[in-house]
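Understanding the architecture of this molecule
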Amino acid sequence: YFNIAQNLKTLFSLYKSFDNMKTARIVLEASTIRQLMNSVSEGLILVSKDAVVTHLNHVAEHDLGLIPGECIGQAISRKINNEILLESLEKTFEFDTKFVDLDIKEDNLLVSISPLKDKFGDTIRTLIMLKLKNPESATSPTKKASEPKDKKDLPAKKTSKKKPS
């Protein structure tokens, strides 16, 4: 009886060690994903097979006009209503298809969608990469149509000659 109790104690100790190692690994992976996502210049969104946003970087939030953090844990269709993007995402999961440079005209974006697979080859997540089509136009102020481009475009000054009185 004492031997069984000792074996159970050792077994539970091993389970606890494995649980601690698994937790540490998950924390490390999550922090690594966060660091990687925040170090790239493109917008990145990770979406689970259930179409729930699991990770999103600040560039994607900015490019899509989202409030920081509002999309995490939500169905992607609740916050993003672009039909082309949502249909392509669905096809990525259903047919294991990769899409490159989809033109999302209303948001001035090029979008690529790639399936992410587990060790068995099953698609478990997708990575959505967003890139502004004209990044310089988004960061530099645009000239108003009424502003002249060069001095030569300025109208000539009118000079008035006074009539002698």
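Throughout what follows, the structure given in this document is the object of discussion. (Residues numbered from 1 in each chain as written. Predicted model: local features only at pLDDT ≥ 70, side-chain atom pairs only at ≥ 80, totals over all residues. Heavy atoms only, no water.)

Empty space among the atoms can be located by rolling a probe the size of a water molecule over them. Its boundaries defined by the atoms lining it, the largest pocket holds a volume of some 370 Å³. In terms of lining residues, the largest pocket is bounded by 15 residues, among which Ile33, Leu46, His55, Leu116 and Arg125 are the most central. Those elements that provide at least two residues to the lining of the largest pocket are α1 (2-38), β1 (43-48), β4 (109-117) and β5 (123-132). If you tally residues by element for the lining of the largest pocket, the top one is α1, at six residues. In the lining of the largest pocket, the residues fall into 11 nonpolar, one polar and three charged. (1 Å grid on protein atoms, 1.4 Å probe; cavity = no way out; pocket = protein on both sides within 12 Å on 5 of 7 lines; lining within 4 Å. Points joined across faces, edges and corners; volume = space filled by probe spheres on them. Helix = DSSP H or I, 4+ residues; strand = E, 2+ residues; numbered from the N terminus. Nonpolar A, V, L, I, M, F, W, Y, C, P; charged D, E, K, R; others polar.)

Glancing now at the sheet that holds β4. Taken in spatial order, the five strands make up an open sheet running β2-β1-β5-β4-β3, and their pairing is antiparallel. Where the open sheet ends on each side, the last strands, each with one partner, are β2 (53-56) and β3 (99-104). On average, each strand axis in the sheet is tilted by 25° relative to the strand beside it, whichever way the strands run. Judged from the nine bridges that link them, β4 and β5 form a sheet pairing that is antiparallel. Note that in β5 the partner of leucine 109 across the bridge is leucine 132. Strand contacts of α1: β1 and β2, with the helix running at about 145° to β1, the strand carrying the most contacts. (Pairing = 2+ DSSP bridges. Axes fitted to C-alpha atoms, helices over the stretch in contact; angles between N-to-C directions. Contact = heavy atoms within 4.5 Å.)

According to the stated counting rule, one finds three salt bridges in the structure shown. The closest approach of N and O atoms between aspartate 96 and lysine 117, which form a salt bridge, is 2.6 Å. Residue aspartate 96 is located in the loop between α4 (83-95) and β3, and its partner lysine 117 is located in strand β4; the two are separated by 21 residues in the primary sequence. Residue class for lysine 117 comes out partly exposed when judged on its relative accessible area of 43%. Close ionic contact of aspartate 103 with lysine 133 constitutes a salt bridge, the shortest N to O distance being 2.5 Å. (Salt bridge = Lys/Arg side-chain N within 4 Å of Asp/Glu carboxyl O. Buried < 20%, exposed > 50% of the residue type's maximum accessible area, 1.4 Å probe, protein only.)

Once that is clear, we can look at the nonpolar core. By size, the foremost hydrophobic cluster in this structure holds 20 residues, and its most contacted members are Ile45, Val111, Ile113 and Ile128. Those elements giving two or more residues to this core turn out to be β1, β2, α4, β3, β4 and β5. The contact partners of isoleucine 113, leaving out residues within four places of it in the chain, are Leu85, Ser88, Leu89, Thr92, Thr97, Lys98, Phe99, Leu102, Thr126, Leu127 and Ile128. (Core = buried A, V, L, I, M, F, W, Y, C linked by side-chain atoms within 4.5 Å.)

Another point: empty space enclosed by the protein. All chains considered together, the criterion is met by one cavity of 30 Å³ or more. In this structure, the largest cavity encloses a volume near 40 Å³. Taken together, Leu64, Ile80, Asn82, Leu85, Ile104, Asp107, Leu109, Val111 and Leu130 make up the full set of residues lining the largest cavity. Across the lining of the largest cavity, the residue classes break down as seven nonpolar, one polar and one charged.

This part covers the pairing of β3. The pairing of β3 with β4 spans four bridges and is antiparallel. Paired with phenylalanine 99 across the strands is isoleucine 113, a residue of β4. Between β3 and the antiparallel strand that follows it, β4, lie four residues; asparagine 108 among them carries a positive phi value of about 55°.

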